[in-house]
Amino acid sequence: MTPDRTRELLEAYGADRARWPHDEARLDAGKTRTDGDAVDLEHARSEAGRLDGLLNLYEVAPAPGSLRASILALPVEAVDVRDVARIRPDMRKPGWSLAGGMTGVLNGLFPKLAGLVLASVLGFMVGAADLLPVHDRSVSVDVSGLALGEDGLGGFDS
Amino acid sequence: MNARMLDDHRASDAGNQPKDSGLGAGDDTLMLLAGKGDERAYGQLVDRHLDRTLAFAQRVLSNRSEAEDVLQEAFLRVWKKAPTWTNDGARFSTWFYRVVLNLCIDRKRKPAHAALPDDFEFADNSPIADAQLEETQASELVEKALAELPDRQREAVVLCYYQGLSNKEAAEILSVRVKALESLLVRARKNLQVLLDGVRGEVLGETR
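Thresholds, definitions, all that
Residues numbered from 1 in each chain as written. Chains lettered and ligands numbered in written order. Predicted model: local features only at pLDDT ≥ 70, side-chain atom pairs only at ≥ 80, totals over all residues. Helix = DSSP H or I, 4+ residues; strand = E, 2+ residues; numbered from the N terminus. Buried ≥ 20, exposed ≤ 12 C-beta atoms within 10 Å, placed from the backbone. Contact = placed C-beta atoms within 7 Å. Nonpolar A, V, L, I, M, F, W, Y, C, P; charged D, E, K, R; others polar. Core = buried A, V, L, I, M, F, W, Y, C linked by C-beta atoms within 7 Å. Axes fitted to C-alpha atoms, helices over the stretch in contact; angles between N-to-C directions. Parallel < 35°, antiparallel > 145°, perpendicular 65-115°, else oblique. Left-handed = near helix turned anticlockwise from the far one by under 90°. pLDDT = per-residue confidence, 0-100.

**Q** Let's hear about the overall build of chain A: which residues, and what values?
**A** Scanning chain A from N- to C-terminus turns up six helices and zero strands. When the helices and strands of chain A are read in sequence order from the N terminus, they spell out α-α-α-α-α-α. For chain A, the proportion of its 158 residues judged to be buried stands at 15%. Within chain A, residue pairs in contact and separated by at least 24 positions form 64% of the contacts whose partners lie at least 6 positions apart.

Given below as structure tokens:
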């Protein structure tokens, strides 16, 4: 390795050869042409070492247990979201599908109106059920397993 | 990080093998297991990479709280990526460093941040004042000096010096050639020398 390359490595990676590129860290520093060059190289090595000493003072504390715990909890929450998404299609009876579809679209476009529209559709469905003959009341509304979206309205169709 | 730690780190990375894994599996294997819903494998990945990448994010952002937020988001991406993970040449650690770095860059874009050009060099008359030394810990001064660097210079020195990555891996993460990486490193260290010039002698004198 040439003295010039040695100087470049000192200036880029510092004085500790463990930080140099592996293939060059093992090489000899090379002979300098003059005593002045040797002094310059030694000065560069000294400066790099002093800066390394300063940089080593900057330490970072390891991650707290609480951070690890919250990171490990994230997948569980993600799985919960997937589970809810998987369950929702089973809940879709014809009436729910209509109401959910409309609400989902409206919720995206007009969030504040979506709840109002949902209430209207539900009212219509219940009213329509009352109009049916007693022996033909096949329309039923089961809200026991209904899971609302994060905002309490949308997400039926997601 | 001392030389021995650096060697351990490089040896661990080179073989892509864990230092602390009870499963005895490499990162790619753990990703495949995590992709099948194995939370224990995911936990192994967290244990293996959390401290190192948190330090990386903190040094890039100069902000501990934001660094922790970044790591939460980054590991969530690991979990989401796991089902489709393929070992197509990119090592997990390289991919993950990129994820963390990109999230850090996104964070730094949000506030009004006057970015300095990559080839910026501080004038010799702008060291951090000596008087600060008595009031502030040396570690904080170095952190402050690091924060003063242009983004790419800081990222280069953090990846190579503090994270102990090889020049090739650091260059890959930064999407530059090795020669360009070395240029960034040289400028970064020159700037750091200028910024820390006022405190250097006293700090080293104190710690000897």
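**Q** Break down the overall build of chain B for me, citing the residues and quoting the values.
**A** Helix and strand counts for chain B come out as 11 helices and zero strands. For chain B, the N- to C-terminal ordering of α and β elements is α-α-α-α-α-α-α-α-α-α-α. Looking at the 208 residues of chain B, the share that counts as buried comes to 38%. Taking the contacts inside chain B whose residues are at least 6 apart along the sequence as the reference set, 70% of them involve residues at least 24 apart.

**Q** Which residues make up the interface of chain A and chain B, and what values go with them?
**A** Listed as interface residues are 28 residues of chain A and, on the opposing side, 38 residues of chain B. Counting residues per element, the ones that place at least two in the side of chain A that touches chain B are helix H1 (3-13), helix H3 (35-55) and helix H4 (65-91) of chain A. For the side of chain A that touches chain B, the residue count by class is 18 nonpolar, three polar and seven charged.

**Q** Tell me about the environment of Arg77 of chain B, and please be specific about residues and values.
**A** Residues and elements named next belong to chain B. Along the chain, Arg77 turns up in helix H4 (residues 64-81). What makes Arg77 partly exposed here is the crowd of 16 C-beta atoms within 10 Å. Between the C-alpha atom of Arg77 and that of Phe96, which follows or precedes it by 19 residues, the distance is 9.2 Å.

**Q** So, the nonpolar core: which residues are in play, and what are the values?
**A** Counting residues in hydrophobic clusters, the biggest one holds 61 residues, and the most contacted among them are Ala57, Val100, Ala156, Cys160 and Leu185 of chain B. Sort the elements by how many residues they give to this core and helix H3 (residues 39-61) of chain B lands first, with 10 residues. Discounting chain neighbours no more than four positions away, the residues touching Leu185 of chain B are Ala12 and Tyr13 of chain A together with Ala156, Val157 and Cys160 of chain B.

**Q** Give a detailed account of the packing of H1 of chain A against helix H10 (residues 178-195) of chain B, specifying residues and quantitative values.
**A** At a closest axis distance of 7 Å, the pairing of H1 of chain A and H10 of chain B adopts a crossing angle of 65°. As far as their axial angle goes, H10 of chain B and H1 of chain A are roughly perpendicular. Along this stretch, H1 of chain A crosses H10 of chain B, giving a crossing that reads as left-handed. In this structure, H1 of chain A contributes Glu8, Glu11, Ala12 and Tyr13 of chain A to the contact, and H10 of chain B contributes Glu182, Leu185, Val186 and Arg189 of chain B.

**Q** I'd like a rundown of the environment of Leu184 of chain B, residues and numbers included.
**A** Position of Leu184 of chain B among the secondary structure elements: in helix H10. Sequence separation of Leu184 of chain B and Ala156 of chain B is 28 residues, and the distance between their C-alpha atoms is 6.5 Å.

**Q** Kindly report on the packing of helix H5 (residues 92-109) of chain B against helix H9 (residues 167-174) of chain B, identifying the contributing residues and their values.
**A** Residues and elements named next belong to chain B. As a packed pair, H5 and H9 sit with axes 9 Å apart at the nearest point and diverge in direction by 45°. If you check the angle between H5 and H9, you find them oblique. Here H5 runs over H9; the crossing is right-handed. Contacts from Thr94, Tyr97, Arg98 and Leu101 in H5 reach Glu169, Glu172 and Ile173 in H9. Of the residues that constitute the contact of H5 with H9, the class distribution is three nonpolar, one polar and three charged.

**Q** Describe H9 of chain B, listing the residues and the values that go with them.
**A** Residues and elements named next belong to chain B. The element H9 is extensively covered by neighbouring structure, given that six of its eight residues are classed as buried. Buried within H9 are the following residues: Asn167, Glu169, Ala170, Ala171, Glu172 and Ile173. Of the surrounding elements, those touching the buried residues of H9 are H5, helix H8 (151-162) and H10. Backbone geometry just after H9 places Ser175 at a positive phi near 55°.

**Q** Outline unusual backbone geometry, listing residues and values.
**A** Residue and element names in this part refer to chain B. For Ser62, which is not glycine, the phi torsion reads 55° and is therefore positive. Mapped onto the elements, Ser62 comes out in the loop between H3 and H4. One non-glycine residue, Ser175, lies in positive phi territory at about 55°. You can see Ser175 is positioned in the loop between H9 and H10.

**Q** Quick rundown of the confidence of the model for chain A? Include the residues and the values.
**A** Residue and element names in this part refer to chain A. Per-residue pLDDT for chain A averages 66, and the proportion of residues at 70 or more is 44%. The secondary structure element of chain A with the lowest average pLDDT is helix H5 (residues 94-109), at 49, and the one with the highest is H1, at 93. Across residues 81-100, confidence stays below pLDDT 50; counting only partners more than four residues off in sequence or on other chains, it has 18 contacts. Per-residue pLDDT stays below 50 along residues 132-158; that stretch engages in 37 contacts with residues further than four places along the chain or on separate chains.

**Q** Tell me what's going on with the environment of Met1 of chain A, and back it up with residues and numbers.
**A** Within the fold, Met1 of chain A resides in the segment before H1. Sequence separation of Met1 of chain A and Ala25 of chain A is 24 residues, and the distance between their C-alpha atoms is 9.8 Å.

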